[in-house]
Amino acid sequence: MAKRFSYYDPHSTQPFRISRSKVQLWLDCPKCFYLDVRLGIKRPPGFPFSLNSAVDALLKKEFDVHRENKTTHSYIREAGLNAIPFQHENLDLWRNNFKGVSCLHKKTNFETFGAIDDLWLNLDTNEVIVVDYKATSKNDEVTLDAEWQDGYKNQMEFYQWLLRNNGLKVANQGWFVYCNGRKDLDGFNNHLEFVVKMLPYEGNTSWIDETLDRIKSCLERDLTPLSSDDCNYCKYVSEYKAVLD
């Protein structure tokens, strides 16, 4: 059984649970990751994205109706896919933020996990398609081109990797269901309207094994790594210390 204590103990022989979001934290800033996972000093929490969570929950309900009926959602048809929502006995578990899809990475003894949004089944290839819901509100058309959206791509790839390690035949191409809240209407009138865009993404999971190896090496040391050059949290601490000095 994997160790659920949140801090990493180099002397423990139990598998250590590490989430997809912690792997992303290491990619963003090794120092913040080390302070969090090894020393238990976490970044200040951000504000909850309550409206995004509402969109996520409603989309899941909507697609679950099609899952039960084995029918194709209009978004899937409009994307030109011959697919239906994928049925699996572990889907609810895989969607749970505290459990998710998990697998043991034997080389590092990490029990890696992450919670998916949805899965579709390509009826032509019999491959499982990883699907992620996103919600925002911006004047420009939504894309995946911004540098900060690399985290979205890493997220998709990590889910693909986890599911393959659970024995599923997973397509390289995943899809983002990107919902953009409209601000060009005359009023609120007790509801929000969205323009929904289907964005395909071709995943490449080749970075994951090496990254987990590097994370393991980082956690085994008694030395805090350097921060990323663009980490705003570390910049704030550095500037605050400079003022005090």
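Quick note: structure is the one above.
As the structure is a computational prediction, the values presented were derived from the model and not from experiment.

In this structure, what is going on with unusual backbone geometry? I would like to understand it.
With glycine set apart, most residues show a phi of negative sign, and most peptide bonds adopt trans. Even without being a glycine, lysine 70 presents a positive backbone phi close to 55 degrees. With respect to the helices, strands and loops of the structure, lysine 70 is situated in the loop between α3 (50-69) and α4 (74-78). For asparagine 190, which is not glycine, the phi dihedral falls at a positive 65 degrees. Secondary-structure assignment places asparagine 190 in the loop between β7 (173-181) and β8 (194-202).

Explain the packing of aromatic side chains here, please?
Going through the model one piece at a time under the given rule, you end up with 11 aromatic pairs. Ring centres of tyrosine 152 and phenylalanine 176 lie 6.3 Å apart, and the angle between their planes is 35 degrees; on these two criteria the pair is classed as tilted. Of this pair, tyrosine 152 sits in helix α6 (residues 150-164) while phenylalanine 176 sits in strand β7, and the two are 24 residues apart along the sequence. Using a relative accessible area of 0% as the deciding quantity, one classes phenylalanine 176 as buried. Over the ring of phenylalanine 113 we find arginine 17; its NZ or CZ atom is 3.8 Å from the centre of that ring. Over the ring of tyrosine 152 we find lysine 134; its NZ or CZ atom is 4.0 Å from the centre of that ring.

How do you make sense of helix α7 (residues 208-220) when you look at a structure like this?
Residues spaced three or four apart along an α-helix face the same direction, because each turn holds 3.6 residues. Along its 13 residues, α7 runs 18 Å from first to last C-alpha, staying within 8% of the 18 Å computed at 1.5 Å per residue. When α7 is considered as a whole, its buried residues turn out to be Ile208, Thr211, Leu212, Ile215, Cys218 and Leu219. The arc that holds every buried residue of α7, seen down its axis, measures 120 degrees, which confines them to one face. Against the buried residues of α7 lie β1 (16-19), α1 (20-28), α2 (30-37), β3 (101-105), β4 (110-114) and α6.

I keep staring at a negative patch on the surface and nothing clicks. Help me out?
Residues Asp28, Glu147, Asp229 and Asp230 make up a contiguous surface patch of negative charge. Relative to the assigned elements, glutamate 147 resides in the loop between β6 (128-136) and α6. What makes glutamate 147 exposed here is its relative accessible area of 69%.

Sorry, what's going on with the sheet that holds strand β5 (residues 118-122) here?
As a general point, the strands of a sheet are linked pairwise by backbone hydrogen bonds and lie either parallel or antiparallel. Ordered in space as β2-β5-β6-β7-β8, the 5 strands form an open sheet in which the pairing is mixed. Taken across any chain shown, the strands that pair with only one partner, and hence form the sheet edges, are β2 (83-85) and β8. The mean inter-strand angle of the sheet, taken between neighbouring strand axes irrespective of direction, is 30 degrees. Both β5 and β6 contribute to a ladder of 4 bridges, which runs antiparallel. Of the residues in β6, the one forming a bridge with leucine 121 is valine 128. Where α3 meets the sheet, its contacts fall on β2, β5, β6, β7 and β8, and the angle it forms with β6 comes to roughly 145 degrees.

Explanation requested: the state of the cysteines in the structure shown.
Scanning the model with the defined rule gives 0 disulfides in all. Note on cysteine 32: no disulfide assigned, nearest cysteine sulfur contributed by cysteine 231 at a separation of 3.6 Å. The buried category is assigned to cysteine 32, whose relative accessible area is 7%. Between cysteine 218, a cysteine without a disulfide, and cysteine 29, which holds the nearest cysteine sulfur, the sulfur-to-sulfur distance is 10 Å. Judged by its relative accessible area of 5%, cysteine 218 is buried.

Please explain the nonpolar core as it appears in this structure.
As a rule of thumb, soluble globular proteins bury nonpolar side chains together. In terms of nonpolar packing, the biggest core is built from 45 residues, with Phe33, Phe110, Leu119, Leu163 and Ile215 touching the most fellow members. The biggest single contributor to this core is α6, with 7 residues. In this structure, Leu81, Ala83, Trp175 and Val177 belong to the second largest nonpolar core, which totals 17 residues.

Calculation rules
- All residue numbers refer to positions counted from 1 along the written sequence of the respective chain.
- Reporting in this predicted model follows two pLDDT cut-offs: at least 70 for local features of residues, and 80 or more for side-chain atom pairs to be given and counted; totals over whole chains, interfaces and linings ignore these cut-offs and use all residues.
- Side-chain measures were taken over the full set of non-hydrogen atoms in the model, leaving aside hydrogen atoms and water.
- Segments assigned H or I by DSSP are reported as helices when at least four residues long, segments assigned E as strands when at least two residues long, and all are numbered from the N terminus.
- Any pair of Phe, Tyr and Trp rings, taking the six-membered ring for Trp, is counted once the centres come within 6.5 Å. Such a pair is stacked with planes under 30 degrees apart, edge-to-face with planes over 60 apart, and tilted for the rest.
- Only protein chains enter the accessibility calculation, which uses a 1.4 Å probe. A residue is then buried if its area is under 20% of the maximum for its type, exposed if over 50%, and partly exposed in between.
- For a Lys NZ or an Arg CZ to count as sitting over a ring, it must be within 6 Å of the ring centre and within 35 degrees of the ring normal.
- Given a helix with a known number of residues, its expected span is that number minus one, times 1.5 Å.
- This arc is taken over the directions from the axis of the helix to the C-beta atoms.
- Whether two residues are in contact is decided by their heavy atoms: any pair within 4.5 Å suffices.
- Only residues whose relative accessible area exceeds 30% and that form no salt bridge enter a patch; like-charged residues are grouped when within 9 Å of one another, and nonpolar side chains (Val, Leu, Ile, Met, Phe, Trp, Tyr) when within 5 Å.
- Per-residue and other accessible areas were derived by the Shrake-Rupley procedure at a 1.4 Å probe size, with only the shown protein chains allowed to occlude residues.
- One speaks of a salt bridge when a side-chain nitrogen belonging to Lys or Arg is within 4 Å of a carboxyl oxygen belonging to Asp or Glu.
- Two residue types count as positive, namely Lys and Arg, and two as negative, namely Asp and Glu; His and chain ends fall outside the count.
- All charge positions are set by atom: Lys at NZ, Arg at CZ, Asp at CG, Glu at CD.
- Any two strands with at least two DSSP-identified bridges between them are counted as paired.
- Note on definitions: angles span 0 to 180 degrees between N-to-C directions of axes, and those axes are lines fitted to C-alpha atoms, for helices only across the stretch in contact.
- Here, two cysteine sulfur atoms that lie within 2.5 Å of each other are counted as a disulfide.
- As used here, the term nonpolar core means buried Ala, Val, Leu, Ile, Met, Phe, Trp, Tyr and Cys residues forming a set that is joined through side-chain atoms within 4.5 Å.

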